[in-house]
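Chains, contacts and geometry: an overview
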Amino acid sequence: MKDAGQRRIHLADYRPFSHRITQVSLTFRLAPEATRVISKIAFEPNPGAEPGPFFLHGEELRLVGARIDGRDVTPEPAEGGITCAVPEGPFVWEAEVEISPATNTALEGLYMSNGMYCTQCEAEGFRKITYYPDRPDVMAPFDVRIESDLPVLLSNGNPVASGPGWAEWEDPWPKPAYLFALVAGDLVNHPDRFTTRSGRDVALNIWVRQGDLGKCAFGMDALKRAMVWDERVYGREYDLDVFNIVAVDDFNMGAMENKGLNIFNASAVLASPQTATDANFERIESIIAHEYFHNWTGNRITCRDWFQLCLKEGLTVFRDQQFSGDERSRAVQRINDVLALRARQFREDNGPLAHPVRPESFVEINNFYTATIYEKGAEVIGMLRRLVGDEGYARALDLYFTRHDGQAATIEDWLKVFEDATGRDLSQFRLWYSQAGTPRIGVEESHADGTYTLTLTQETPPTPGQPDKAPLLIPVAVGLLSPEGAEVVPTRVLELSQPRQSFTFEGLTARPVASILRGFSAPVIMQRKLSAEICAFLLAHDTDPFSKWEAGRALAKDLLVCRIAGKPASEAACFDALEALLRDDDLDPAFRALTLSLPGEDDLAQTLFDAGRTPDPIVIHAARRAFRGDIAARLGETLARLYDQMVTPGPYRPDAKDAGKRALRQAALGYLSLNDGGARATAQYRRADNMTEQLGALTCLLDIARADDALEAFRNQWRGDRLVMDKWFGLQASMAAPDATETVIGCLTEDDAFDWKNPNRFRSVLGGLAANAAGFHHPSGAGYRLLADWLIRLDPVNPQTTARMATAFETWRRYDADRQGMIREALERIAARPGLSRDTAEMVSRILGD
Ligand SMILES: [Zn+2]
């Protein structure tokens, strides 16, 4: 059982396991409340380990019996598992345990979801299935027998035999227990085939419940494209005869890369034009690719211990971002990745939960599946690639795959292949893995006698446990434009390694305009004060799409910050620049749509806080809304033209081209609805034959408080579709007006369809509340109390989701004393709950800074 005691685990304490495993055989006799798991495991001493007691993890297991080499033994209970006296040489361990999947609401280990058995073992769920060294550095081949009356019985690897009521699977590739999976259910499949580059014929299946069979085609297409891409770009082929994906309704994460049997949150795989938006399609494509790419970066080469989580996650996120950029638009992908990084990782890195990409210690590993590990982990790899070049990166990756295949590796191993393949010394670069916090980059410029000098400074603010920071090696991509807007120095990567460093550019008769941090070449905050004129100039002329977009963003953000402060500012340049950009039909519609989206309320709050001010979410909300109204008034004609122009002819296609047009049309509709009283949105709602346009129209109507009829109609139309109903809940929670939020959340949580034990539904409502900055931070404190009440209720049922959602409070130090007091009270109330889970206890105490 989990206890609230905070036993901390340290990277420095890593010791190899006493034994190696040569073969694992498991038999499952499935029954909802009394599943029998019979294990037979061949151990041999690990020559690389110091001798020590033989310890196996195990939690919430009822031991029926255990034997060593056929003789009954009685293991001793120990914290988190058992110990047992074992022979000096190789031996065979056998155990029979009983577990109860039906009452396992934490959704870790073997559990049930709507009558179907499924597993989630990463990070430490396998110890709830049987006694085992549940650590990633113990890798073994598994064979599995499943006995059940259910028609579909799946596990990892290849099917070897089956009959009525049983099936046997064999996975020849050694793997850690966290990649084990089992599924049993009344399922149907969407089948396909794939032939690898070397001629292996692979059966592909997406397994779903009967009613969902029409929602698999896109996911299957994305899978095949990912398989082709990984062969072409990384030279990686699939290595089994079958690849199965299963959709599950109750799932804590997005999806899980179990070897040969990926298990997906239904929301991350099921899609049809009528039920999924363009954003859903894009997310599905990226998650399917991500989990598939793990087959090499995660499964064939895994992590030595959980401190190395970024080794598989940072690299695999980097790979899925590359894939999405290649399949869609690199520029738009990069901007979206940076938006997500800033919204989640910068927020984390600048608050009480800041931690290095490779943490040094943890209490509960589930709390470290974070934006820092995933998204900053991917950024670190992007920087590495910039520093060694595309060819150096390709050589290093080839070496990584040949040198470490079949191993459990570390960040040291990863960096060593780059050093060996490219001859580069990465000793300063590796600080990116150990030092938390977002570096601030300062910029000074001068120009004299034809020489332009760019001086960059760096400073990383203190983070919990790391008061002093060393200078990092930061690749800063820079290009120079002439005063007329022509590019005079194309992109060059400057290597900033000192606290303060100057770079010179010769032969420039006129003072150039510098475009700095092109492509967002490093995860840093640029503290460069640019005039509205320079921003407008870069927005018009920059050749780097990211920097072009960034200039527009900076322009809008500066004006919003002035409005929030009640300071007058000249806004004409901004509106003119925006209008010129919207009218430029040579620009990708998706890119123009991104330029129309203003910085979010949370982003503005962080910006104000960074500038030493105390943000008021209500004031921010009102200022942003007023600014949107002014854009609508000033650019109404251009927006109306775009709305009419961006129609996509023919049937709905989820490709990047059509999705980009719909995104721009939707962005225009958002502004136009502020002017036309919802006339266009109402008409669009009635006409819509796809979820993107239907939900888009509903969003606009909710925005102007004219949505009652549409909400009712939407509910009646979609009451039978879980994933669409999540949207219905989420939209109302996240868009409720500040004064109405408490009432709206109250109604939603009392709704018959609010199944709070389902993580997707819980997240749609309570996550929607947390995303509604002005409603959540309402001065009454009702938002804080509501979330705390629900987290207290969810914790005993599902600690993992509770802990993750507690991060809604991580920004508390930004706000005024009243709000801080109320948040502290909410957090202390959660902390005081008797029997609080280890997950939530650790998270709350870190947020409080205790
Ligand atoms: Zn992953």
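Computed from a prediction, not measured in an experiment: that's the story for all the values here.

Turning next to the overall build of the protein chain. If you tally the helices and strands in the protein chain, you get 25 helices and 31 strands. In terms of overall dimensions, the protein chain is globule-like: its C-alpha atoms have a radius of gyration of 27 Å, near the 29 Å expected for 850 residues. Projecting the C-alpha coordinates of the protein chain onto the three principal axes gives extents of approximately 85 × 65 × 60 Å. In the protein chain, which comprises 850 residues, the share counted as buried stands at 60%. Counting only contacts in the protein chain whose residues sit at least 6 apart along the sequence, the fraction spanning at least 24 positions is 70%. Just so you have it, the protein chain exposes about 31,900 Å², and 50% of that area is on carbon and sulfur atoms.

In this section: the layout of surface pockets. A water-sized probe rolled over the atoms picks out the places where empty space is left. Here the second largest pocket is characterised by a volume of approximately 1,300 Å³. Together, 46 residues line the second largest pocket, and R7, I9, F55, H57 and R135 are the ones closest to its centre.

Using the criterion set out here, one finds 6 cavities of 30 Å³ or more in the structure. Estimates place the volume of the largest cavity at around 120 Å³. Looking at the largest cavity, it is lined by 17 residues, and the ones nearest its centre are G552, A556, L578, T595 and L598. Elements supplying a minimum of two residues to the lining of the largest cavity: helix 9 (545-565), helix 10 (572-583), helix 11 (589-596) and helix 13 (617-645).

Of all 8 residues making up strand 18 (residues 201-208), 7 are buried, and the element is well covered by its neighbours. Across 8 bridges, the pairing between strand 17 (residues 188-195) and strand 18 is antiparallel. Residue pairing across strands places R193 opposite A203, the latter belonging to strand 18. In this structure, strand 18 lies alongside strand 19 (residues 242-248), joined through 5 bridges in parallel fashion. In the strand pairing of strand 19, I206 is matched with I245. The parallel pair strand 18 and strand 19, bridged by helix 1 (residues 217-234), forms a crossover whose chirality is left-handed.

Rules of the game
Residues numbered from 1 in each chain as written. Predicted model: local features only at pLDDT ≥ 70, side-chain atom pairs only at ≥ 80, totals over all residues. Heavy atoms only, no water. Helix = DSSP H or I, 4+ residues; strand = E, 2+ residues; numbered from the N terminus. Rg over C-alpha atoms; globule rule 2.2 N^0.38 Å. Buried < 20%, exposed > 50% of the residue type's maximum accessible area, 1.4 Å probe, protein only. Contact = heavy atoms within 4.5 Å. Areas by Shrake-Rupley, 256 points an atom, 1.4 Å probe, with all protein chains shown as cover. 1 Å grid on protein atoms, 1.4 Å probe; cavity = no way out; pocket = protein on both sides within 12 Å on 5 of 7 lines; lining within 4 Å. Points joined across faces, edges and corners; volume = space filled by probe spheres on them. Pairing = 2+ DSSP bridges. Right-handed = clockwise from strand over helix to strand, strands pointing away.

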